[in-house]
Amino acid sequence: MSITVTVDGVPVTVEEGATVADAATAAGAYVPTLCFHEDHPALGTCRVCAARLDGRVVAACSAEVHDGAEVEVAADDLATMRRQVVGLLFAEGNHVCPSCEKSGRCDLQAVAAETGMLTSEFPYRYPGRETDPGDARIWLARDRCILCQRCVDLVRDDEGRPVFTLTGRGPDTRVELDHATAAGLSDEQVAAAVDLCPVGAILRKGVGYDEPIGARRFDVASVRERALRGERR
Amino acid sequence: MDGPSTTFSASSTASPPTSPPTSLVAPRLLAVHGHDRSRLLDMLWELQRRHGHLPEAELAALADGLGTTLGDVRQTASFYHLFHLRPAGRHRLYLADTVLARMHGYDHVLAALERETGATLGGVDPTGTFGLFSTPCIGLSDQEPALLVDDLVFARLTPDRVADVIGRIRAGAAPREVANPDGIPTHLREYVDALVETNVRTHGPVFFRPRTDVAAVIREAVALPPEKLRERVSLSGLRGRGGAGFDTGLKWRLCATAPAETRYVVCNADEGEPGTFKDRVLLTRQPELAIAGMVLAAYAVGARHGILYLRGEYAYLRHYLAHQLHLMREQGLLGRDIGGRTGFDFDVRIQLGAGSYVCGEESALLESCEGKRGNPRLKPPFPAQVGFLGHPTIVDNVETFAVVTRVLEEGPEWFSRMGTEDSAGTRLLSVAGDCDLPGVHEVAWGTSLHDVLTLVDAPDAYAVQVSGPAGGCVSVARNGHRRLSYEDLGCNGAFTVFDSSRDLLEVAREHLRFFVGESCGICVPCRAGNPALLDLATRIGEGRADASDLAHVESWAALLRGTSRCGLGVSSSRPLTTTLSDFPELARAAAARSGEQGLLASFDEQAAVAAYGPAAERLVAAREEGAGS
């Protein structure tokens, strides 16, 4: 069933069950996302997709619209919040784009550019984060991890067991790689895990610079263009 | 092996495993719990009681038996701060580090503990006897400083008492012999009374009355159709006492009408808001009211299974509560054909938490009940629709369930006549701080702050932290006329009084520090934003804030309020924002100081040059050593 909602005052028609992000896309309004992947249920961890639904700030990736809903995306305060969330990520981790293999195909980098996050207003913490290079095929570079939980919630071995897990909590939360389970993954499964990571935290050893700069994901089409085409992966 | 015999479930008591220490305990635990992932916390507790920590070999065996990975078991274990992945001493000591403890000699008690145990805070003494750790509020705000020792508790500590307790344990006494010298059985109320005080100061119309005949209430209730029971709860106007104030009758209706075969009833006894302890007192004095409320909810929504989620810090209540469940079973008030109603079967198990404030959030609590990290779920769907293991689940606070029993005893009109239009009935307050009558007080909703302060004898009150850190710091001078109610000044039960000698900015900073440590860590604004707010609060409190810091407070607070995934991040900025807004003199002083110095105020000159002295001394010493050899 179709329902009608307004996005920044513009009426659009979407299917029942559509999210705020879906409605925004239908109206041509860009809402950035980081943890959301179009093939999977919303994770709701990054909170960068802040939008307003009937006056309340919500995560656009997971909040569903209803007939007659009023969605706001463009308001200045919302744009500020989205930029601030990106700024928090840059401040809490160690994101050094020029030396990162993922540059040019990194969602965080692309979303930072789109939201105008050029320097974080939050103090950079330069945390000491341990890298886990111990796996034969996967390099887990925690400096760049944004704890989106895509790998934690979505990567499974053939027996349905998790390969990536979390330990700790609060600012000490970190992603762990279960080496024994990772060893049982096929090369295709490893490639899928690498592709699933929106930043450069999960990398395939030996093929770091396989894709030439200039031909990378966001070199070809910006994150905004891709999102508005309905491609969020 | 210390501590009392092990309770594997609410319905059976087994002896501790007797296998030799070299063999693994995990296989036996898996068998006892039917290889059920949702019992992972129970298994981890048992392993820790056995080994003093969670050895990796045992966790790997649990993972195998549960069909998952070691990493998966560790992600649960590492979430809860009462679990230890490394050896943590034969006895684990947790000193509550709270604002109230710091008002009552915390520093001296900590110094005595470090001296007597030989352990420094966060570590284990060289003999491996004592691990000494810090923990947030353990629900003893009216008798701080307080210390957990394994699953026992010692309150009203002084350095002398610390020396006595630790000295006797060191000399070979078991902590339970020190805490309970008369050897009172752990399932009796006298045992709980021997450990902690239950200070009921003001009896109201709802609680701490002559004993309610819960059997009669249940028998009468289950003679009604379930929808009639729900209707009576709705008519009473009862709203959830956990803090959010959701309409209880509506929650029950949503659960009852959600399409499902199986439903659950969960009692939230994860009383973690710093400053509150009324649920502990209620569970000690009138546990039958809360348990009966669960039975009534089960009947009203059609549930067969219930869980009482007891915070790990209240482990000393678990045998007592298990015994209360046993007594209810004996009276036919739990189990089969309850209250004489054929086919109404319901039972309750106790789930012990393991140290996590956020597990008081209902969806995080359900994750914890499932043996997982306490990460709050995305809402909607709400637990009443999709709850424990995906089934519609009622999650209500201890006080809410206890009120339900009284509402059905006295009638909904009796209840709705009390209080205000939108806040029916009364509210239990956990009162602590600068007043002469700390303890539990029952007041009608609508009572003003001034009147509560008179009741608790706090003539010098300057500020009240209402609802704990998640609530607000309220100025008595400016807002003493405000009334406790959902429509005016909401209150989850915590009521902490400060006189004018207290440093409210320091209080705000401590509360922010609490939220930083208790964030589950999965959403960005809460995980990364709270440390940023804590830095601001620290600089403001120390007089080192500059104009940009003060400007950032509201902007960053709005970010956390708007974008956080759960109530923790939504409310965590309140200690700072409410203190600055209700005490503008403090904000003005901070702003004035920020303009005084020639240097940028945020520049910490002392810290910047602190390394110079020691480095110079080392250089000199090295040179002298070189010259002498």
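Residues numbered from 1 in each chain as written. Chains lettered and ligands numbered in written order. Predicted model: local features only at pLDDT ≥ 70, side-chain atom pairs only at ≥ 80, totals over all residues. Heavy atoms only, no water.

1. A look at the pattern of salt bridges
All names here are of chain A. Under the definition given, this model contains 67 salt bridges over all chains. Residue Glu211 is joined to Arg105 by a salt bridge in which the shortest nitrogen-to-oxygen separation is 2.7 Å. You can see Glu211 sitting in the loop between strand 9 (202–204) and helix 7 (217–220) and its partner Arg105 sitting in the loop between helix 2 (76–92) and helix 3 (107–115), a full 106 residues away along the chain. With relative accessibility at 30%, the residue Glu211 sits in the partly exposed group. In this structure Arg105 comes out as buried when scored by relative accessible area, which is 14%. (Salt bridge = Lys/Arg side-chain N within 4 Å of Asp/Glu carboxyl O. Helix = DSSP H or I, 4+ residues; strand = E, 2+ residues; numbered from the N terminus. Buried < 20%, exposed > 50% of the residue type's maximum accessible area, 1.4 Å probe, protein only.)

2. Considering the side chain of Asn180 of chain B
Checked against the element boundaries, Asn180 of chain B lands in the loop between helix 8 (175–179) and helix 9 (189–195). Reaching out from Asn180 of chain B, the side chain makes a polar contact with the backbone oxygen of Ile184 of chain B at a distance of 2.9 Å. (Polar contact = N/O pair within 3.5 Å; in protein donor to acceptor, adjacent residues only side chain to side chain.)

3. A word on helix 7 (residues 159–170) of chain B
All names here are of chain B. An ideal rise of 1.5 Å per residue puts 16 Å on 12 residues; helix 7 measures up with 16 Å between its terminal C-alpha atoms. Regarding helix 7, the residues found buried are Val162, Val165, Ile166 and Ile169. Buried residues of helix 7, seen end-on, are gathered within an arc of 90 degrees and therefore sit on one face of the element. Tucked into the core, helix 7 has its buried residues touching strand 1 (91–96), helix 6 (106–117), strand 3 (130–135), strand 5 (152–154) and helix 8. (Expected span 1.5 Å × (residues − 1). Arc of directions from axis to C-beta. Contact = heavy atoms within 4.5 Å.)

4. Re the packing of aromatic side chains
All names here are of chain B. Enumeration according to the criterion identifies 16 aromatic pairs over all chains in this entry. Look at Tyr357 and Phe514: their rings are 4.8 Å apart centre to centre, the planes differ by 70 degrees, and that puts the pair in the edge-to-face class. One end of the pair, Tyr357, is in the loop between strand 9 (347–352) and helix 16 (362–369); the other, Phe514, is in helix 21 (residues 504–518), and 157 residues separate them in sequence. Overall, the relative accessible area of 15% leaves Tyr357 in the buried class. Note on Phe514: relative accessible area 11%, which makes it buried. An aromatic cluster of three or more residues is present, and its members are Trp45, Phe79, Tyr80 and Phe83. (Phe/Tyr/Trp six-rings, centres within 6.5 Å; stacked < 30°, edge-to-face > 60°.)

5. Here's the deal with the interface of chain B and chain A
One frequently used descriptor of interface size is the decrease in accessible area upon assembly of the parts. On the chain A side, the residues contacting the 42 residues of chain B number 35 residues. Across the interface of chain B and chain A, roughly 3000 Å² is buried in total on both sides, 56% from carbon and sulfur atoms. Viewed at the interface, chain A and chain B are joined by 3 salt bridges. Where Glu518 of chain B meets Arg169 of chain A, a salt bridge forms, and the shortest distance between an N and an O atom there is 3.1 Å. Connecting chain B to chain A are 23 residue pairs in polar contact (both at pLDDT 80 or more). When contributions to the side of chain B that touches chain A are tallied by element, the ones reaching two or more residues are helix 4 (70–77), helix 21, helix 22 (524–541) and helix 23 (547–563) of chain B. In terms of residue count, the dominant contributor to the side of chain B that touches chain A is helix 22 of chain B (8 residues). The class makeup of the residues in the side of chain B that touches chain A is 16 nonpolar, 19 polar and 7 charged. (Buried area = accessible area lost by both parts, 1.4 Å probe. Nonpolar A, V, L, I, M, F, W, Y, C, P; charged D, E, K, R; others polar.)

6. A look at the sheet that holds strand 1 (residues 2–7) of chain A
Residues and elements named next belong to chain A. Ordered by their spatial adjacency, 5 strands build an open sheet running 2-1-5-3-4, and the pairing between neighbours is mixed. At either end of the open sheet lies a strand with only one pairing partner, and these are strand 2 (10–15) and strand 4 (56–59). With strand direction ignored, the average angle separating the axes of adjacent strands in the sheet is 40 degrees. One ladder, built from 4 bridges, connects strand 3 (residues 50–53) with strand 4; its direction is antiparallel. Residue Ala50 lies in a different strand from strand 4, and its bridge partner there is Ala59. Where helix 2 meets the sheet, it contacts strand 3, strand 4 and strand 5 (70–72), and its direction lies at approximately 145 degrees from that of strand 3. (Pairing = 2+ DSSP bridges. Axes fitted to C-alpha atoms, helices over the stretch in contact; angles between N-to-C directions.)

7. Comments concerning the nonpolar core
Among the nonpolar cores identified, the biggest contains 229 residues, and Phe164 of chain A together with Val265, Leu310 and Phe346 of chain B are the most heavily contacted of them. Examining the composition of this core, we find that 12 residues originate from one element, helix 14 (residues 287–301) of chain B, more than from any other. Core analysis: the second largest hydrophobic core is formed by 25 residues, Ala23, Ala59, Val65 and Val71 of chain A among them. (Core = buried A, V, L, I, M, F, W, Y, C linked by side-chain atoms within 4.5 Å.)

8. Here's the deal with the pairing of strand 7 (residues 264–269) of chain B
Residues and elements named next belong to chain B. Across the 6 residues of strand 7, 6 count as buried, placing the element largely inside the fold. Burial of strand 7 is two-sided: the residues Tyr264, Val266 and Asn268 facing one way and the residues Val265, Cys267 and Ala269 facing the other way are all buried. As paired strands, strand 7 and strand 8 (residues 305–310) are joined by 6 bridges and run parallel to one another. Note that in strand 8 the partner of Asn268 across the bridge is Tyr309.

9. Some details on the domain arrangement of chain B
All names here are of chain B. Parsing chain B into structural domains produces domain 1 (10–79), domain 2 (91–179), domain 3 (214–416), domain 4 (426–502) and domain 5 (506–594). Measuring from the centre of the C-alpha atoms in domain 4 to the corresponding centre in domain 5 gives 22 Å. Every contact between the two is made by 13 residues of domain 4 and, on the other side, 13 residues of domain 5. Summed over both sides, the interface between domain 4 and domain 5 buries roughly 1100 Å², with carbon and sulfur atoms accounting for 56% of that surface. On the domain 4 side of the contact with domain 5, Pro469, Cys473 and Arg478 bury the most area, a combined 46% of that side's loss. The tally of links between domain 4 and domain 5 comes to 1 salt bridge. Residue Arg478 is joined to Glu585 by a salt bridge in which the shortest nitrogen-to-oxygen separation is 3.1 Å. Elements supplying a minimum of two residues to the side of domain 4 that touches domain 5: strand 13 (461–466), strand 14 (472–475) and helix 20 (476–479). (Domains from an automatic or database assignment.)

10. Some points on the domain arrangement of chain A
All names here are of chain A. Here chain A is partitioned into domain 1 (2–87) and domain 2 (99–220). Using only C-alpha atoms to locate each centre, domain 1 and domain 2 end up separated by 25 Å. Here domain 1 meets domain 2 over a buried area of about 1500 Å², counting both sides, of which 69% is carbon and sulfur. Connecting domain 1 to domain 2 are 0 salt bridges. Seen at the junction of domain 1 and domain 2, the total is 6 residue pairs in polar contact (both at pLDDT 80 or more). For the side of domain 1 that touches domain 2, the per-class residue count stands at 8 nonpolar, 6 polar and 1 charged.

11. Points about the packing of helix 13 (residues 278–285) of chain B against helix 17 (residues 398–410) of chain B
Pairs of packed helices are described in terms of their axes, by the angle between the two and the distance that separates them. Residues and elements named next belong to chain B. At a minimum axis distance of 9 Å, the contact between helix 13 and helix 17 shows a crossing angle of 45 degrees. Between helix 13 and helix 17, the crossing angle belongs to the class labelled oblique. When you trace helix 13 past helix 17, the crossing you get is left-handed. Touching Lys278, Asp279, Leu282 and Leu283 of helix 13 are Val398, Glu399 and Ala402, all from helix 17. In terms of residue class, the contact of helix 13 with helix 17 is built from 4 nonpolar, no polar and 3 charged. (Parallel < 35°, antiparallel > 145°, perpendicular 65-115°, else oblique. Left-handed = near helix turned anticlockwise from the far one by under 90°.)

12. A short note on the sheet that holds strand 15 (residues 494–499) of chain B
Two pairing modes exist for strands in a sheet, parallel and antiparallel, and in both the strands are linked by backbone hydrogen bonds. Residues and elements named next belong to chain B. Sheet architecture is open: 6 strands sit in the order 6-12-11-15-13-14, paired in mixed fashion. The sheet is open, and its two edges are formed by strand 6 (200–202) and strand 14, each paired on a single side. Strand after strand, the sheet turns through a mean of 30 degrees between neighbouring axes, direction not considered. In terms of strand pairing, strand 11 (residues 426–433) meets strand 15 through 4 bridges, oriented parallel. Bridging across to strand 15, Ala432 finds its partner in Thr496. Those strands touched by helix 21 are strand 13, strand 14 and strand 15, and its axis lies near 15 degrees from that of strand 13.

13. Some thoughts on the side chain of Asn199 of chain B
Residues and elements named next belong to chain B. Here Asn199 lies in the loop between helix 9 and strand 6. Within the structure, the side chain of Asn199 is placed 3.0 Å from the side chain of Glu197, a separation counted as a polar contact. Dropping the residues within four chain positions of it, Asn199 is found in contact with Asp142, Gln143, Arg156, Pro438, Gly439 and Val440.

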